[in-house]
Amino acid sequence: MFRVGIGYDAHRLESGYRLVLGGVEIPYHKGLKGHSDADVLVHAVCDAALGAAALGDIGEHFPDTDPKYRGISSLRLLEKVAQLLRLEGFTVVNVDTVVVAQAPKLKPYKRQMAENIARALGILPSQVSVKATTTEGMGFEGRGEGISAQAVVLIREVGGIERW
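Computed from a prediction, not measured in an experiment: that's the story for all the values here.

Procedures and definitions
- Residues numbered from 1 in each chain as written.
- Predicted model: local features only at pLDDT ≥ 70, side-chain atom pairs only at ≥ 80, totals over all residues.
- Heavy atoms only, no water.
- Pairing = 2+ DSSP bridges.
- Helix = DSSP H or I, 4+ residues; strand = E, 2+ residues; numbered from the N terminus.
- Contact = heavy atoms within 4.5 Å.
- Axes fitted to C-alpha atoms, helices over the stretch in contact; angles between N-to-C directions.
- Phe/Tyr/Trp six-rings, centres within 6.5 Å; stacked < 30°, edge-to-face > 60°.
- Buried < 20%, exposed > 50% of the residue type's maximum accessible area, 1.4 Å probe, protein only.
- Core = buried A, V, L, I, M, F, W, Y, C linked by side-chain atoms within 4.5 Å.
- Polar contact = N/O pair within 3.5 Å; in protein donor to acceptor, adjacent residues only side chain to side chain.
- Left-handed = near helix turned anticlockwise from the far one by under 90°.
- Nonpolar A, V, L, I, M, F, W, Y, C, P; charged D, E, K, R; others polar.
- Salt bridge = Lys/Arg side-chain N within 4 Å of Asp/Glu carboxyl O.

Concerning the sheet that holds strand β7 (residues 146-157)
Part 1 of the argument: In space, the five strands of this open sheet follow the order β4-β1-β7-β5-β6, with mixed pairing throughout. Each edge of the sheet is formed by a strand with only one pairing partner; in this case those strands are β4 (31-32) and β6 (128-133).
Part 2 of the argument: Of the pairings in the sheet, the one linking strand β1 (residues 2-14) to β7 comprises eleven bridges and is antiparallel in character. Note on β7: the bridge partner recorded for arginine 3 is isoleucine 155.
Part 3 of the argument: Contacting β1, β4, β5 (90-100), β6 and β7, helix α1 (residues 40-52) runs over the sheet at an angle of about 155° to β1.

Structural notes on the packing of aromatic side chains
Part 1 of the argument: Taken as a whole and assessed by the stated rule, the structure comprises one aromatic pair.
Part 2 of the argument: Between phenylalanine 62 and tyrosine 69, the ring centres sit 5.4 Å apart and the planes meet at 85°, which makes this aromatic pair edge-to-face. Each member of the pair, phenylalanine 62 as well as tyrosine 69, carries the same accessibility label: buried.

Comments concerning the nonpolar core
Part 1 of the argument: Counting 49 residues, the largest nonpolar core has Leu21, Leu78, Ile117, Leu121 and Ile147 as its most contacted members.
Part 2 of the argument: Among the secondary structure elements, those contributing two or more residues to this core are α1, α3 (74-87), β5, α4 (110-121), β6 and β7.
Part 3 of the argument: No other element matches α1, which puts ten residues into this core.
Part 4 of the argument: Aside from chain neighbours lying at most four places away, what touches leucine 78 is Val42, Val45, Cys46, Ile117, Ala120 and Leu121.

Quick notes on the environment of serine 148
Part 1 of the argument: Following the sequence through the fold, serine 148 ends up in strand β7.
Part 2 of the argument: Here serine 148 falls in the buried class, since its relative accessible area comes to 1%.
Part 3 of the argument: What serine 148 contacts, discounting residues up to four positions off in sequence, is Tyr8, Asp9, Ala10, Val40, Val98, Val99, Val100, Phe140 and Glu141.
Part 4 of the argument: Among the polar contacts listed, one links the side chain of serine 148 to the side chain of glutamate 141, at a separation of 2.6 Å.

Description of the pairing of β1
Part 1 of the argument: Where β1 meets β4, two bridges bridge the pair, whose relative direction is antiparallel. Bridge pairing in β4 links leucine 13 to leucine 32.

Considerations on the packing of α1 against α4
The description of two packed helices rests on the angle between their axes and on the distance between the axes.
Part 1 of the argument: One can describe the packing of α1 onto α4 by two numbers: an axis separation of 11 Å at closest approach and a directional angle of 40°. Relative to α4, the crossing made by α1 is right-handed. Counting all contacts with α1, which are made through Leu41, Val42 and Val45, the residues of α4 involved are Met113, Ile117 and Leu121.
Part 2 of the argument: Split into classes, the residues belonging to the contact of α1 with α4 amount to six nonpolar, no polar and no charged.

Some details on the pattern of salt bridges
Part 1 of the argument: Using the criterion set out here, one finds four salt bridges in the structure.
Part 2 of the argument: Arginine 143 is the partner of glutamate 145 in a salt bridge, and the nearest nitrogen-oxygen pair spans 2.8 Å.

This is the structure we're talking about:
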């Protein structure tokens, strides 16, 4: 059986923070503000994977009120999500993502982002697509106020516990 999930995340861009997307630190004069490293791309993948398996969302598993997640690499969270999927009897088939940001340009970093996401999920980089787009100046992304990301994850049941 195959199942699909979608994920979305957005964070505000502010001075004094690092810009981390797909586990890659990108040189930029602003970064994403959040409890963890605020990696919207990886957060969207986490939510999509959890949603595909009907296991809730990232906030349920890694609440921003828990100090142990302060500043944590979102790739570590994705590794935990992948472990949870395996325990529930699922494997990831593929991941498709898009980052929405007016700036900076992300093309030079997309391959490393895909490799990082694949490694965290225990799949091949060829199973992960990372795309980037702008909004041509429209909305909060277009005004440079924040960055958002969307993800779709397809999983396949490979055995495990009986869920219902």
